[in-house]
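Residues per chain are reported as follows:
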Amino acid sequence: MAQRAFKLSRNLAGRGLALLIALLMGSAALALALQSGRPVLSASDWGAVRFSLLQAVLSALLSVALALPVARALARRRFAGRGVLIAAMGAPFLLPVLVAALGLLGVFGRNGLLNQALMAIELPGVQIYGLSGVLLGHVFLNMPLAVRMLLHGWQAIPQEQVRLAESLGLGPRAQFRHLEGPMLRQVLPGALLAVFLVCLSSFALVLILGGGPKATTLELAIYQAVRFDFDLPRAAALALVQFGLCALAVLLAGGRARLPMGGGLDRAQALPRPGGWRLGFDALALGLAALFLAAPLAVVVLRGLPGLLSLPPVVWQAALTSVLMALAAAFLCGLCLLALTPAAVAGRRGVELAAMAPMATSALALGAGLFLILHPFVAPSALSLPITVLVNVLMALPFGLRLLMPAWAAAEAGQGRLAESLGMRGMSRLRFALLPRLRRPFGMALGVAAALSMGDLGVITLFASDQSLTLPLQVWSLMGAYRSAQAEAAALLLVLLSFGLFALFDLWGRRNAAA
Amino acid sequence: MKALICAASLLTLTAGAGLAQKPVLTVLTYDSFAADWGPGPIVEKAFEAVCGCDLRFLPGGDGAAVLSRLRLEGARSEADVVLGLDTALTAQAAQTGLFVPHGQAAAPDLPVPYEDPLFLPFDWGWFAFNYDKTRLPAPPASFEELAASDLKVVIQDPRSSTPGLGLVMWVKAAYGARAPEIWEGLSDNILTVTPGWSEAYDLFLKGEADMVLSYSTSPAYHLIAERDDSKAAAGFAEGHYLQIEVAGQLKSARDPELAQRFMAFLLSGEFQAAIPETNWMYPAKTPAAGLPQGFETLMRPEKSLLFTAEEAAALRGEAVDEWRSALSN
């Protein structure tokens, strides 16, 4: 009975918050839809739907498939620089899309390093613009994220089970079937879903690397409707279609199995490290992944470095604004996650759906809806910073939830009964029973929230005022004024700060983390 | 110490009160106009010196986004004046009914006669394909030559960017019913399509493409600000489409008289002299000292193309569809 009451009260906070999120997003959509005019979706819009789906499905499959060997190698090998490599895996995902695209083109573009090298040895060049370019871009941005998510899965396999498997003399194949397989069944849908959702609403990268209007996504159509045609009912209709696709994906990826494993004692983990060809394979996977991720990043760093110290003061000021906003977003996101995750873990599909919904929502459509709601009461430019933080918190929640849910479920499965028998509730249960097991994904979730908020260029543009110049806006503004050297330096500063914030939170999570 | 703090806070208060008494003029404009390195700060200083007011720029994205922002805000806009729409947008802007006539004489130094009771031009430029003379010694001299070459160009998406829309209008103005055929011919020359001007221009600077859609004045930036004379704009025999940037006064302006003074200030020598080397466009009224040195080296088209606002609005949907279907094959 006590257990019931406890679960009920805790879920209440999460359910209330989920309801609030749903209301907020619903009213934003309604505000758009209620504008005069009737939405008409044309044949080309359905073409955009098809292309959005195609590229998102392929991007998710490719990113996760390529992440598997890398995550496994990272989980079972120990080598100098491993920690750095894991930390650096956060970097591409956090790059502002434009910076990432320009970095990738510096390597794979027509005049990029790869084609220059091919030309030097008189081989035909590669041409990436088109679907291949889109997939390349999305794998670059999202494969590392998938690696991190899968790595958490491997690290969550209790040490006791590994030892048991070893003492039973299970070979690599049998170990896969009994330990890694069940873990993957738990973790893979979440990773696939996360990448799919990110890619579904991608648009600047798709357009630049996609080579033309063939590569048009729904988000571009929404952008066009909000920013260019001012056809808000159409924007609402398109946003609704996009939302429907995402909701469908969330439902399909659901039905997760509970972790079939019993509890462990949180011992430091050591997976078996098979030698022979398996060692070679792991080394190859790690080497290729590191090279693939490092080269475009190196391009960004090398281009930005020369101008870094001569940036105008207004850029540094903007950097401070952005850092403060990012910290606020991370803090608020953390609070929301602590309320939402237990409810979602307890099987409240509604809560999970509400928290995942922002990812399915076009930030631009959401921003425009909020603008319409607020404008009668207050000058939108006066609220530009709080609104941007709010939207960024919403946008970061889905990642956080995906990261936190499996670990929370496992912690509850492992420690819940013990905590219950000791009468641990509320804060003490969170602090002693759950949080030590959640630190790793929780730190990463906060880091993602901070960094995503740092790089945001979507919502702020709608609400921008002379008081709210953020770093991404400055990068954009420098680039729009021919100052590409300064823009590259400012972009590097943005990347360094985003990644710095991410690494700080991530480090907090990984230091002394149990399990 | 306490006295010092008291004095300081008193000073701040009075300074604040002094500011509060000044009327504020809010100008909604595109980001690069308001930026530290744009014309904004120069204009602000010059106007505040004569108006006894506080001029405030509200950056609203690019030209099209500025219009969207205005339409989101409607009659309760924070802004008094909107600055930075172009002729592709004025028909929609006029339809909102939010603007009042500016009452100024027509800008004298435009390559084509342009008069609109609601919108006053403050600068203009020709769209043009830019190239690097060191990499491309003999640039194409028309769309047809470009289509026949194996050069790669970067353009902007007409659905999200004003230069992109300008190019679609350019082809339509030059070729009319033949426009789809021209786009078919160009489709294998288009390396990629970017959402906005910045990405396209950056790809060009990085050597990804041989040419980029920009303005005939773009080489002036490299020449004057970077002492680099390698960039040039290719002159096309069909003529070049114009972008005329305009400003308009809002009906809802809090202080219509002040807004009116700002509209008159647009064609003043101080405002116009700031344009060439901060906005990198041609001034709508050439300042007394003439154009800055370097502008005389720029390519000047023999023929200027421009649809009226109504024509542009009527043609836009069809022209963009032609562009899309030709490039989607």
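Please read all numbers here as calculations on a predicted model, not as lab measurements.

Each value, and the rule that gives it
Residues numbered from 1 in each chain as written. Chains lettered and ligands numbered in written order. Predicted model: local features only at pLDDT ≥ 70, side-chain atom pairs only at ≥ 80, totals over all residues. Helix = DSSP H or I, 4+ residues; strand = E, 2+ residues; numbered from the N terminus. Buried ≥ 20, exposed ≤ 12 C-beta atoms within 10 Å, placed from the backbone. Contact = placed C-beta atoms within 7 Å. Nonpolar A, V, L, I, M, F, W, Y, C, P; charged D, E, K, R; others polar. Domains from an automatic or database assignment. Pairing = 2+ DSSP bridges. Core = buried A, V, L, I, M, F, W, Y, C linked by C-beta atoms within 7 Å. Expected span 1.5 Å × (residues − 1). Arc of directions from axis to C-beta. pLDDT = per-residue confidence, 0-100.

1. Topic: the overall build of chain A
Then, in step 1: A count of helical and extended segments in chain A gives 21 helices and 0 strands.
Then, in step 2: Overall, chain A is about 65 × 65 × 50 Å in size when its C-alpha atoms are taken along their principal axes.
Then, in step 3: Residues classed as buried in chain A amount to 54% of the 515 residues present.
Then, in step 4: Here the analysis covers contacts within chain A between residues at least 6 apart in sequence; of these, 86% occur between residues at least 24 apart.

2. Things to note about the interface of chain A and chain B
Then, in step 1: Each side of the interface is counted separately: chain A has 43 residues, and chain B has 45 residues.
Then, in step 2: Going through the elements one at a time, α5 (97-108), α10 (204-210), α11 (218-228), α16 (363-374) and α20 (471-479) of chain A are the ones with two or more residues in the side of chain A that touches chain B.
Then, in step 3: Broken down by element, the residue count for the side of chain A that touches chain B peaks at 6 residues, all from α11(A).
Then, in step 4: Residue composition of the side of chain A that touches chain B, by class: 24 nonpolar, 14 polar and 5 charged.

3. Considering the domain arrangement of chain A
Residue and element names in this part refer to chain A.
Then, in step 1: Structurally, chain A comprises domain 1 (1-34 + 311-515) and domain 2 (44-217 + 271-304).
Then, in step 2: Distance between the C-alpha centres of domain 1 and domain 2: 23 Å.
Then, in step 3: Contact with domain 1, which involves 30 residues of that partner, is made by 22 residues of domain 2.
Then, in step 4: Elements with a minimum of two residues in the side of domain 1 that touches domain 2: α15 (349-360), α17 (384-421), α18 (426-454) and α21 (484-510).

4. Here's the deal with the pairing of strand β3 (residues 81-86) of chain B
Residues and elements named next belong to chain B.
Then, in step 1: Of all 6 residues making up β3, 6 are buried, and the element is well covered by its neighbours.
Then, in step 2: Pairing geometry for strand β1 (residues 24-29) and β3, over 3 bridges, is parallel. Counted as the bridge partner of Leu 28 is Val 82 from β3.
Then, in step 3: Here β3 pairs with strand β10 (residues 240-250) via 5 bridges, running antiparallel. Within the sheet, the bridge partner assigned to Val 81 lies in β10 and is Gln 249.

5. Remarks on the pairing of strand β6 (residues 153-156) of chain B
Residue and element names in this part refer to chain B.
Then, in step 1: The alternating pattern of β6 places Val 153 and Ile 155 and Val 154 and Gln 156 on opposite faces, both of which are buried.
Then, in step 2: In this sheet, strand β7 (residues 190-194) lies alongside β6 in parallel orientation, the contact comprising 4 bridges. Looking at the pairing, Ile 155 lines up with Val 193 of β7.
Then, in step 3: Bridge count for β6 against strand β8 (residues 211-215) is 2 bridges, and the pairing is parallel. Following the sheet pairing, Val 153 is matched in β8 by Met 211.

6. Thoughts on the nonpolar core
Then, in step 1: Of all hydrophobic cores here, the largest spans 286 residues; its most connected members are Val195(A), Ile222(A), Ala235(A), Ala329(A), Ala449(A), Ala450(A) and Val81(B).
Then, in step 2: Top element by residues in this core is α17(A). It accounts for 18 residues.
Then, in step 3: Apart from residues lying up to four places away in sequence, Ala235(A) is in contact with Leu32(A), Ile222(A), Ala225(A), Val226(A), Ala365(A) and Ala368(A).

7. A word on helix α3 (residues 40-51) of chain B
All names here are of chain B.
Then, in step 1: Taking 1.5 Å as the rise per residue, α3 with 12 residues should run 16 Å; its terminal C-alpha atoms sit 16 Å apart, in good agreement.
Then, in step 2: For α3, the full list of buried residues reads Gly 40, Val 43 and Phe 47. Buried positions in α3, seen along its axis, are confined to an arc of 65° and lie on one side of it. Looking at α3, the residues exposed on the side facing more than 90 degrees away from the buried face are Lys 45 and Ala 49.
Then, in step 3: For α3, the secondary structure elements touched by its buried residues are α2 (31-34), β2 (54-59), α11 (256-265) and α12 (269-278).

8. Focus on the confidence of the model for chain B
Residue and element names in this part refer to chain B.
Then, in step 1: Per-residue confidence for chain B gives a mean pLDDT of 90, with 94% of residues at or over 70.
Then, in step 2: Note on residues 6-18: pLDDT is under 50 here. Beyond four places in sequence and across chains, it has 0 contacts.
Then, in step 3: Scoring of the predicted complex yields 0.84 for pTM and 0.80 for ipTM.

9. Structural notes on helix α7 (residues 162-175) of chain B
Residues spaced three or four apart along an α-helix face the same direction, because each turn holds 3.6 residues.
Residue and element names in this part refer to chain B.
Then, in step 1: The terminal C-alpha atoms of α7, which comprises 14 residues, lie 20 Å apart, in line with the 20 Å expected from a rise of 1.5 Å per residue.
Then, in step 2: The element α7 is extensively covered by neighbouring structure, given that 13 of its 14 residues are classed as buried.
Then, in step 3: Two residues or fewer after α7 comes Gly 176, characterised by a positive phi angle close to 50°.

10. A look at the confidence of the model for chain A
Residues and elements named next belong to chain A.
Then, in step 1: This prediction gives chain A a mean pLDDT of 82; 90% of its residues lie at or above 70.
Then, in step 2: For chain A, the element scoring lowest by mean pLDDT is helix α19 (residues 460-463), at 67; helix α2 (residues 43-76) scores highest, at 91.
Then, in step 3: The model gives residues 1-6 a pLDDT under 50, and that stretch makes 2 contacts with residues more than four places away or in other chains.
Then, in step 4: For residues 257-262, every residue scores under 50 in pLDDT, and the model assigns this stretch 11 contacts once sequence neighbours within four places are set aside.

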